[in-house]
Every structure is written in C-alpha cells, then in structure tokens.
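The lines below spell out each chain.
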Amino acid sequence: MTARGVCVPEELFQSMRQSIIDGAPDTARSLAETGLQRGIAPLAAIHQGYVPGMNHVGEQFAQRRMFLPDMVASAEAMKAAMSVLDPELKKLGTDRPSAGTIVMGTAKGDIHEIGKTLVGTLLGANGFTVHDLGVDVSAEKFAAAAHELGADVVGVSALLTTTMKGQKGVIELFDREGLRPQVKVIIGGAPVTRQWSEEIRADGFAKDAVSAVSLVQRLLPGKLAEVR
C-alpha cells in the first residue's frame, strides 16, 4: 500500500486498529507517531487504521461482547492517537472535511457523562465535528451553542428520570426560537425510550453509542454525501 508515495505495510494500519480495540493509549499514540515518521498521511492513519478499530469496538459493545470499561479505554486510545494526528492535519492545512456539526451535552441537573462522551468519540471518529458542552447544561446554553456553532444536530443526554424533562425543555426552546427543523434534536440516556422521544417530538433517540452514530448519519445524508 502507498501513502504519500511511500510503501506502507498493511500491518501498521492493522496495529493501529488493534491498539484501539485493546484500549491502549500509549500504543495508539506511538503508532500515530511512527506512521507520520514513515510518511503516512494523517487522514490515511485515521480512516484506514484508527476509525475501523473504534467502529469495531462500538459494534462489539452493541452486541454485548465488550463492556463499558472496554469502550472507555478504547475512547482514550482514540483520543491519544488524535492528539498526534490533529495537530499535523492543521499544520498541513488538510483538516478532515466535516460530515456535520454536532453539539452535545447532558441535561440540566444531571452530571453523568460517560455515555455522552463515548457517543462523541464515535461521532468524531466517523467524521463529525463534535462540540461537547459537558454536564448540567441548560436549554439556553444548548440554544446559544447551536446558534454560535451552526449546529446540524444537538444531542441531549439524561441518565436520570428526573432530568429527562430537560430534554423536553431544549426542544420547546428550540421551537420557540425557530431553530427547528434546521437543527435536529436527538436524545439518549438509560431511561430514555422511543415513546418519550415521540412524546416530546425529538428527531430521534439512540439506546447506545453505535445507534447514535447511525441515527445522525440518517439525519444528515446530504452532509455525508458531500464528504464522500
């Protein structure tokens, strides 16, 4: 295989993929550095090495063959690799084309974020530009970020039944401010159901990180076509 005119063994891409599956940040970072030294384009390392690994982990998690600690470790490995590759992309002026802008956060009053963070990592690995607002995010803050960042999709997570009302509050505010239907609002979290999603008129809900990526891809088919 060739990247930048340099012969690159397929084994290096396989090792990158495996470092994500193993949840090994140090290895993932080291392989990214090695790839750059060998003349591999950052985008090639991302799309042929690391992203397939992250996608595999997500699929295994959805099938209950891998568990939350595995996903967290893999997400850390992905971040480690990207900490090497992102600066190189910016230096070369070849930032990845974005498949869409996503604003994410956990609803007001809720401080849970592991699931949200995993969704953001998978979305980022699949080419989306993700802005994570963190936890305890008010509807007003979601709206301000959507305006400022030109969001295509806003994702609101809630891990408590008592904070699910915050998801409804975001949708109601977006309706009042005329942000919808241009901005899609999706919801997720352990207590969230399809019935709740339909009741509050969300644009969709996802039960896990993998289905969240699929949902966003379905909502933004035009953006994905532009990237491809």
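Parameters and conventions
Residues numbered from 1 in each chain as written. Predicted model: local features only at pLDDT ≥ 70, side-chain atom pairs only at ≥ 80, totals over all residues. Heavy atoms only, no water. Helix = DSSP H or I, 4+ residues; strand = E, 2+ residues; numbered from the N terminus. Polar contact = N/O pair within 3.5 Å; in protein donor to acceptor, adjacent residues only side chain to side chain. Axes fitted to C-alpha atoms, helices over the stretch in contact; angles between N-to-C directions. Left-handed = near helix turned anticlockwise from the far one by under 90°. Contact = heavy atoms within 4.5 Å. Nonpolar A, V, L, I, M, F, W, Y, C, P; charged D, E, K, R; others polar. Expected span 1.5 Å × (residues − 1). Buried < 20%, exposed > 50% of the residue type's maximum accessible area, 1.4 Å probe, protein only. Arc of directions from axis to C-beta. Salt bridge = Lys/Arg side-chain N within 4 Å of Asp/Glu carboxyl O. Patch = residues over 30% accessible without salt bridge, like charges linked within 9 Å, V, L, I, M, F, W, Y side chains within 5 Å. Areas by Shrake-Rupley, 256 points an atom, 1.4 Å probe, with all protein chains shown as cover. 1 Å grid on protein atoms, 1.4 Å probe; cavity = no way out; pocket = protein on both sides within 12 Å on 5 of 7 lines; lining within 4 Å. Points joined across faces, edges and corners; volume = space filled by probe spheres on them. Pairing = 2+ DSSP bridges. Core = buried A, V, L, I, M, F, W, Y, C linked by side-chain atoms within 4.5 Å.

Participant: Looking at this structure, how should I read the side chain of Arg180?
Facilitator: By the secondary structure assignment, Arg180 is in the loop between α7 (165-176) and β6 (184-188). At a separation of 3.5 Å, a polar atom in the side chain of Arg180 contacts the side chain of Asp175. Polar contacts involving the side chain of Arg180 include one to the side chain of Asp203, which spans 3.2 Å.

Participant: Would you mind going over the packing of helix α1 (residues 10-22) against helix α3 (residues 42-62) with me for this structure?
Facilitator: The geometry of a pair of packed helices is captured by two quantities: the angle between their axes and the separation between those axes. At a minimum axis distance of 8 Å, the contact between α1 and α3 shows a crossing angle of 35 degrees. For the pair α1 and α3, the sense of crossing is right-handed. Of the residues in α3, those in contact with Phe13, Met16, Arg17, Ser19, Ile20 and Ile21 of α1 are Ala44, Ala45, Gln48, Gly49, Tyr50, Pro52, Gly53, Met54, His56 and Val57. Considered class by class, the residues forming the contact of α1 with α3 number 10 nonpolar, 5 polar and 1 charged.

Participant: Before we go on, may I ask you to explain helix α4 (residues 68-92) in this structure?
Facilitator: Think of an α-helix as 3.6 residues a turn; residues three or four steps apart then line up on the same face. With 25 residues, α4 should reach 36 Å at 1.5 Å per residue; the first-to-last C-alpha distance of 35 Å fits that figure. Taken together, the buried positions of α4 are Met71, Ser74, Ala75, Ala77, Met78, Ala80, Ala81, Met82, Val84, Leu85, Glu88 and Leu89. Structurally, α4 contributes buried residues whose contacts are with α1, α2 (25-37), α3, α5 (114-125) and α9 (209-219).

Participant: Explanation requested: α2 in the structure shown.
Facilitator: The first and last C-alpha atoms of α2 sit 18 Å apart over 13 residues, in line with the 18 Å expected at 1.5 Å per residue. Listing the buried residues of α2 in full gives Ala28, Leu31, Ala32 and Gly35. Axial view of α2: buried residues confined to an arc of 105 degrees, hence all on one face. For α2, the exposed residues set more than 90 degrees away from the buried face come down to Asp26 and Gln37. As for α2, its buried residues are in contact with α1, α3 and α4. A positive backbone phi angle near 90 degrees is found at Gly39, which sits one or two residues after α2.

Participant: For this particular structure, what's the right way to read the pattern of salt bridges?
Facilitator: A side chain with one charge can pair with a side chain of the opposite charge if their charged atoms come near. Counted by the stated rule, this structure contains 8 salt bridges. For Lys108, the salt bridge identified is with Asp136, shortest N-O distance 3.9 Å. Of this pair, Lys108 sits in the loop between β3 (101-106) and α5 while Asp136 sits in the loop between β4 (129-132) and α6 (139-149), and the two are 28 residues apart along the sequence. Between Arg180 and Asp175 there is a salt bridge, and its shortest N-O distance comes to 3.5 Å. Owing to a relative accessible area of 15%, Arg180 belongs among the buried residues under this scheme. Here Asp175 falls in the partly exposed class, since its relative accessible area comes to 30%. Here the salt bridges share partners, and the residues they tie into one network are Asp175, Arg180, Arg201 and Asp203.

Participant: Honestly, a nonpolar patch on the surface in this entry has me stumped. Any pointers?
Facilitator: On the surface, a nonpolar cluster with roughly 220 Å² of combined accessible area is contributed by Leu68, Val72 and Ile114. Structurally, Ile114 is set in helix α5. Assessed through its relative accessible area of 47%, Ile114 is described here as partly exposed.

Participant: What exactly am I supposed to notice about the layout of surface pockets here?
Facilitator: Summary: where empty space remains is shown by rolling a probe the size of a single water molecule over the atoms. What the largest pocket holds in volume is close to 710 Å³. Considering the residues around the largest pocket, the lining is formed by 33 residues, among which Gly115, Gly189, Lys207, Asp208 and Ala209 are closest to the centre. Of all the elements in the fold, those that place two or more residues in the lining of the largest pocket are α3, β3, α5, β5 (153-157), β6, β7 (204-206) and α9. Looking at which element gives the most residues to the lining of the largest pocket, the answer is α5, with 6 residues.

Participant: I keep staring at the sheet that holds β5 and nothing clicks. Help me out?
Facilitator: One key point about sheets: their strands pair by backbone hydrogen bonds, in either a parallel or an antiparallel sense. As summarised here, the arrangement of the 5 strands in space is β4-β3-β5-β6-β7, forming an open sheet in which the pairing is parallel. Lying at the two open borders of the sheet, with one neighbouring strand each, are β4 and β7. Averaged over all adjacent pairs, the angle separating strand axes in this sheet is 25 degrees, with direction ignored. α9 contacts β3, β5, β6 and β7 of the sheet and is inclined by roughly 155 degrees relative to β7.

Participant: Before we go on, may I ask you to explain the nonpolar core in this structure?
Facilitator: As a rule of thumb, soluble globular proteins bury nonpolar side chains together. By size, the foremost hydrophobic cluster in this structure holds 44 residues, and its most contacted members are Ile20, Tyr50, Met78, Ile102, Leu123 and Val216. Counting only elements with at least two residues in this core, the list comes to α1, α2, α3, α4, β3, α5 and α9. Among the elements that take part in this core, α4 stands out by supplying 9 residues, more than any other. Ala151, Ala158, Ile171 and Ile200 belong to the second-largest nonpolar core, a separate cluster that totals 27 residues.

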